[in-house]
Amino acid sequence: DARVTQTPRHKVTEMGQEVTMRCQPILGHNTVFWYRQTMMQGLELLAYFRNRAPLDDSGMPKDRFSAEMPDATLATLKIQPSEPRDSAVYFCASGETGWGSYNSPLHFGNGTRLTVT
Amino acid sequence: QKEVEQDPGPLSVPEGAIVSLNCTYSNSAFQYFMWYRQYSRKGPELLMYTYSSGNKEDGRFTAQVDKSSKYISLFIRDSQPSDSATYLCAMTGSNDYKLSFGAGTTVTVRA
């Protein structure tokens, strides 16, 4: 059963430190999303890649966040410097071309729970 | 105002009850509508999917879309304790673009 793998599952860090979150999309999937989930805001889209190219990162604070896909098997989300308000669960999701069809849904990882103190 | 509005609940029902969840939206371009289920400390997983208006039934689950009212619903019949989760509505205007999510409704089914 193919899965989206996210590491680390949990991260506690101090304000000002750099945080890197990693995602391994399902093999063959060419679409990758990064979402952030908080109690207050729910799921917010941060960035969206297709064929490793960023298509939309308008939801991401550009001054501190960056998202990349060094290769087709790895997506990264970095925060530098981190702030307490960045505390949230960060989800990666991947899909095939035309992922919106019923037989080809988005697959979410189990998230990275980030706490910035 | 958010693009997708969903009552966060929480909702607590006895086992066997019908659970009714709904979302409203403002973007008339949305035409693909989904419900995701999220268990605690897990990622969301697709539960139901509907294109445009109409009803879709899958076992104990029924999804309804009324585009004229910009309103979607999910019904769970004969609810089970294993249905206890957060249910998120999601929608998009294209079958290959970003999803807009509701806030999620937390449902607890009491045995």
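Above: the structure in question.
Here's a quick rundown of the structure. Each chain carries its own residue numbering, running from 1 in the written order of its sequence. Following the order in which they are written, the chains are lettered starting with A and the ligands numbered starting with 1. This being a predicted model, a pLDDT of at least 70 is required before a residue's local features are given, and a value of 80 or more before pairs of side-chain atoms are given or counted; all residues contribute to the totals for chains, interfaces and linings. Side-chain metrics rest on all non-hydrogen atoms present in the structure, leaving aside hydrogens and water.

### Thoughts on the overall build of chain A
Now for step 1: In this description a helix means any DSSP run of H or I spanning at least four residues, a strand means any run of E spanning at least two, and both kinds are numbered starting from the N terminus. Each helix and strand counted, chain A has zero helices and eleven strands in total.
Now for step 2: Secondary structure elements of chain A occur, N-terminal to C-terminal, as β-β-β-β-β-β-β-β-β-β-β.
Now for step 3: Using C-alpha atoms as the atom set, the radius of gyration is obtained and then compared with a globule rule of 2.2 Å times the number of residues to the power 0.38. Computed over the C-alpha atoms, the radius of gyration of chain A is 14 Å, within 12% of the 13 Å expected from 2.2 N^0.38 for a compact globule of 117 residues.
Now for step 4: Each of the three principal axes of chain A carries a C-alpha extent, and together these read 40 × 25 × 25 Å.
Now for step 5: By definition in these notes, contact holds between two residues if any of their heavy atoms fall within 4.5 Å. Taking all contacts inside chain A whose residues are at least 6 apart in sequence as the whole, residues at least 24 apart take part in 54%.
Now for step 6: Every accessible area reported is derived by Shrake-Rupley at a probe size of 1.4 Å, with residue values counting cover from the shown protein chains alone. When the accessible area of chain A is evaluated, it comes to approximately 5800 Å², of which 49% is carbon and sulfur surface.

### Things to note about the sheet that holds strand β6 (residues 54-58) of chain B
Residue and element names in this part refer to chain B.
Now for step 1: Following DSSP output, two strands are said to pair if at least two bridges run between them. Strand order in this open sheet of five strands is β1-β3-β8-β7-β6, and the pairing throughout is antiparallel. Unpaired on one side and paired on the other, β1 (4-6) and β6 mark the two borders of the sheet. Adjacent strand axes in the sheet meet at a mean angle of 15 degrees when their direction is disregarded. Note on definitions: angles span 0 to 180 degrees between N-to-C directions of axes, and those axes are lines fitted to C-alpha atoms, for helices only across the stretch in contact.

### Considerations on a positive patch on the surface
Now for step 1: The patch calculation keeps residues exceeding 30% relative accessible area without a salt bridge and links them within 9 Å when they carry like charges or within 5 Å when they are nonpolar (Val, Leu, Ile, Met, Phe, Trp, Tyr). By definition, a salt bridge exists where a carboxyl oxygen of Asp or Glu is found within 4 Å of a side-chain nitrogen of Lys or Arg. The charge count treats Lys and Arg as positive and Asp and Glu as negative. His and the chain ends do not count. Throughout, a charge is located at the NZ atom of Lys, the CZ atom of Arg, the CG atom of Asp or the CD atom of Glu. Taken together, the side chains of Arg3(A), Arg9(A), Arg113(A), Arg41(B) and Lys42(B) define a basic patch exposed on the protein surface.
Now for step 2: Relative to the assigned elements, Lys42(B) resides in the loop between β4 (32-38) and β5 (45-51).

### Digging into unusual backbone geometry
For residues other than glycine, phi is negative in most cases, and the peptide bonds are mostly trans.
Now for step 1: Here the residue pair Thr7(A) and Pro8(A) is connected by a cis peptide bond, since its omega of -10 degrees sits within 30 degrees of zero.
Now for step 2: Secondary-structure assignment places Pro8(A) in the loop between β1 (5-7) and β2 (10-13).
Now for step 3: Residues Gln80(A) and Pro81(A) are joined by a peptide bond in cis, for which omega reads -5 degrees.
Now for step 4: Inspection of the secondary structure assignment puts Pro81(A) in the loop between β8 (74-79) and β9 (88-95).
Now for step 5: Although it is not a glycine, Asn51(A) adopts a positive phi angle of roughly 50 degrees.
Now for step 6: Inspection of the secondary structure puts Asn51(A) in the loop between β5 (42-50) and β6 (53-56).
Now for step 7: Between buried and exposed lies partly exposed: a residue is buried under 20% and exposed over 50% of the maximum accessible area for its type, with that area taken using a 1.4 Å probe on protein chains only. Judged by its relative accessible area of 53%, Asn51(A) falls in the exposed class.
Now for step 8: Here Lys70(B), not a glycine, exhibits a phi torsion of approximately 55 degrees, which is positive.

Honestly, that's just the spatial picture; any functional story needs more than this.
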